[in-house]
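Below, each chain spelled out in residue letters.
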Amino acid sequence: LPVQELIQMNEDGDLQRVGVHKVVYLDGKKSHGSLEFFVEFLPVRMLAHTMEVPGVYFKQTKGNDVKLYMNADDDGSAPIVTYGEDAKVWKPPRLWRDIYDSICSAKHFIYMAGWSFDIDQYLLRGEDLKEAERLSSYPAKLGDLLLKKSEEGVVVNLMQWDDYSSNFAFPGMMGTYDEKTREFFQGTNVNSMFMSMEGGDVNTIFEGQNKKMAFTHHQKFIMMDTPKKNGDGGKELLAFVGGIDLTEGRWDNRKHPLFRTLQMNHKGDTYGKCFRVSKENGPRQPWHDIHSSVRGPEALDLIQAFSERWTKQAPQLVGELVNLHRIGLGDATTLENDGGWYTQLSRSIDSRVNAFDVSVKQSFQNIKIDQMGAFGWTSASDKKAEKSRRFVTNSNSLLSYNRCLDQKKGRLVDTSIHMTNIHHIRRAKHFIYIESQYFMGSSFMWSNSSERDVKCHNMVAAELTMKICDKIAAREPFAVYILLPMWMEGIPDAAATQGLLYWQRVTIEAMYQKVHEALQSRMANSPDHGLKVSDYLNFYCLGTRETSEGSQATGVPTTEDEKLLAKTRRHQIYIHSKMMIVDDEVCLIGTANINQRSLDGCRDSEIMMTSWQPDHLASEKSIAHGDIHAYRLHIWASITDQMNDAYRDPSSPECVKLVNSIADSNFKKYMGEETVDMTSHLLPFPLEFYDGELRPRRGLHGGHLPDTDADAMGKKSYILPEMFLT
């Protein structure tokens, strides 16, 4: 089907809605049989006029109360953020503190799903831990806390990814502590289930084993009953969803210490996978992450998502799922509160590991093509077709979605996270801010034509690029800020890490090239001159450095990495977040990275919650100024150690220049010979686009990542399949 048959402009030059219906002979021969198909093209303006993502499994819910978290702990030390007409002060919530308090207060059930749980992690640290040990009847250590709640009669259901490579003698390639958790809860009242990814009936035995080994249950969400926030003595549902596992190395705050807490808040929790270092010598690997919580009807959808996985992979324990109606928490209307938030849940998952609602499957419809006759069918000439007709209209009436799930090889697939990202990118008017652990996709636009068939075809990078190019052509201000790790977790010169960096680099390179071409075209056809790619698109990372004062390292450096880092005293702050904020009106937080593994639906399982306040939406002239606005300002103030009013208008050239100048200044401190204490952590990404090419950033020694011999550009792996890396 030539794409030209789907493209039709009206008199104003706007794309129109086009439907094409054909019956064609296979191979052009009647004796080979025929294929009937209907294809409909819908302009973006018909799809993106609502906040709710249409045509997906979970619909929007209203009457919710949402909290937005930065890091496992937010210590309140960030510069003060005021917002709104009445200059409200943003009060950052504390995630692990809230999770601890919520588990303690649960009376009926606690559901937990995670990639990793470490039963030896303390949810409280420092003075909070001392106070709990003195005054609380509940332990702060995760495993002991869940045991105590289960002994009180609270139903505790836990789903953890079963790392196929792990057993009692070998902890597993990913270090998720699944075997330790399994042993700890064995024979207790905690229903702990360990679930691997599964192949299906159409997969060979080898493909099924690959599925278990290569892909993961990556969802991280917790639900429980809790006392009502308004204190009227009633109860409601509370859920947490985001990127932070309750496991080793995740507890951190905006200060991101390297050596100074090894014997205090991080004693027994000195995590590091970017260098070969010991727990005694450090440095620890600092961790930046994002999470959210919701009270209200949205928690019902999260509980449904949990129950569908539990039903599919733990059918013998379906009876352990709580009947919410019996405890008065099963009705969405009665769960609504005055928080003022709308939310919508989305996932990446398929029917090999998820029992989709039968009623949803039964609601799938066949398209009634003849109904489209209201728009006026016209014959379309096609010598290879037995029948060919089409309609063209500007109307969005009779617009319906015949199904809310995809299908692949006979199995149902939920790809709504991917669709949600695309939907909100297309709605963007002023700016987009992204934090992601990985950034790969849109292989069809990569520079090397031989790599365009790589199965990394998610649309996020392309949609971002097209949005920027549209704004450039319209001569409108627009900015995209993307925060990534300096490099992905792992020894940086290892084949896997270099392979990941390579596929990420070709994605970034393709974006820069397209934006560069759009700028060249604009400058050639307008009076505008001197425009740069960095005026519209920028990538960043985080890093920190600290002097030896107050160091709690107790050993003598032995490895080459330990010796070097004891001198340079620096480390990237690892970005593990999965978040997108658009125009400060909508916030997408979950477990999905921007890569094919997370967005495919048939690889890793993922979950995401999209949140917005209908009273605080962006206009054509202005971004929104509600809680999401304050939250984004808080993040930026935290990572730059200043609250500059330019941050309030992120699409402005002044803001873009300021953020880039802060990053450049910090980069000089990070790479300098003199060791300093860094309180501002924003750095430019190790790659930069100049003279029309993507290259290692100037200032890196030999094009290598700091304190390594690893190529900042990455290297293609000819051993590890791209399906595993992308």
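In this text the structure is predicted, and so the values were computed from the model without any measurement. (Residues numbered from 1 in each chain as written. Predicted model: local features only at pLDDT ≥ 70, side-chain atom pairs only at ≥ 80, totals over all residues. Heavy atoms only, no water.)

Student: For the packing of helix H11 (residues 460-473) against helix H12 (residues 495-524), give the residues involved together with the corresponding values.
Tutor: Running from N to C, H11 and H12 point in directions that differ by 15°, and their axes come no closer than 9 Å. What the angle tells us is that H11 and H12 run roughly parallel. Relative to H12, H11 is oriented so that their crossing is right-handed. Here Ala461, Leu464, Thr465, Ile468, Cys469 and Ile472 of H11 lie close against H12, whose contacting residues are Thr507, Met511, Lys514, Val515, Ala518, Leu519 and Arg522. Tallied by class, the residues present in the contact of H11 with H12 amount to nine nonpolar, two polar and two charged. (Axes fitted to C-alpha atoms, helices over the stretch in contact; angles between N-to-C directions. Helix = DSSP H or I, 4+ residues; strand = E, 2+ residues; numbered from the N terminus. Parallel < 35°, antiparallel > 145°, perpendicular 65-115°, else oblique. Left-handed = near helix turned anticlockwise from the far one by under 90°. Contact = heavy atoms within 4.5 Å. Nonpolar A, V, L, I, M, F, W, Y, C, P; charged D, E, K, R; others polar.)

Student: An account of the packing of helix H2 (residues 95-105) against helix H4 (residues 142-151) is needed here, citing residue identities and associated values.
Tutor: Orientation of H2 relative to H4, taken along the N-to-C sense of each, is 20°, at an axis distance of 10 Å. Between H2 and H4, the angle is such that the two are roughly parallel. Regarding H2 and H4, the two cross each other, and that crossing is left-handed. Packed against H2, whose contacting residues are Tyr100, Ile103, Cys104 and Ser105, the element H4 presents Leu145, Leu146 and Lys149 at the interface. Grouping the constituent residues of the contact of H2 with H4 by class yields five nonpolar, one polar and one charged.

Student: Summarise the nonpolar core; cite the residues concerned and give the values.
Tutor: Grouped together as the largest cluster of nonpolar side chains are 80 residues, with contacts concentrated most on Tyr433, Tyr481 and Tyr631. For this core, the element with the most residues is helix H15 (residues 627-640), which contributes eight residues. Ignoring sequence-local partners within four residues, the contact set of Tyr481 consists of Phe431, Ile432, Tyr433, Ile434, Asn538, Tyr540, Trp636, Pro650, Cys655, Val656 and Val659. (Core = buried A, V, L, I, M, F, W, Y, C linked by side-chain atoms within 4.5 Å. Buried < 20%, exposed > 50% of the residue type's maximum accessible area, 1.4 Å probe, protein only.)

Student: Provide a residue-level description of the sheet that holds strand S15 (residues 385-393), including the pertinent values.
Tutor: Across the sheet, four strands lie side by side as S2-S1-S15-S14; this open sheet has antiparallel pairing. Each edge of the open sheet is held by one strand with a lone partner, namely strand S2 (34-41) and strand S14 (378-379). (Pairing = 2+ DSSP bridges.)

Student: Mind laying out the environment of Ser348, listing which residues take part and the relevant values?
Tutor: For Ser348, the location among the structural elements is in strand S13 (residues 341-350). Judged by relative accessible area, which is 0%, Ser348 ranks as buried. Note: C-alpha distance between Ser348 and Ser416 (68 residues apart in sequence) is 6.6 Å. Ser348 has contacts with Asp414, Ile417, Ser598, Leu599, Gly601, Asp604, Ser605 and Glu606, leaving out every residue within four places of it along the chain. In this structure the side chain of Ser348 is engaged in a polar contact, spanning 2.7 Å, whose partner is the backbone oxygen of Ser598. (Polar contact = N/O pair within 3.5 Å; in protein donor to acceptor, adjacent residues only side chain to side chain.)

Student: Go over the environment of Phe38 with me, naming the residues and quoting the values.
Tutor: Here Phe38 is to be found in strand S2. Linking Phe38 and Glu85, residues 47 residues apart in sequence, is a C-alpha distance of 51 Å.

Student: Before we move on, could you go through the environment of Trp161 and cite the residues and values that matter?
Tutor: Mapped onto the fold, Trp161 is located in strand S7 (residues 155-161). We classify Trp161 as buried; its relative accessible area is 1%. Each C-alpha atom of the pair Trp161 and Gln186 lies 16 Å from the other, and the pair is 25 residues apart in sequence. Residues within four places of Trp161 in sequence aside, it is in contact with Gly114, Trp115, Met174, Thr176, Asp178, Met195, Ser196, Met197, Phe215, Thr216 and His217.

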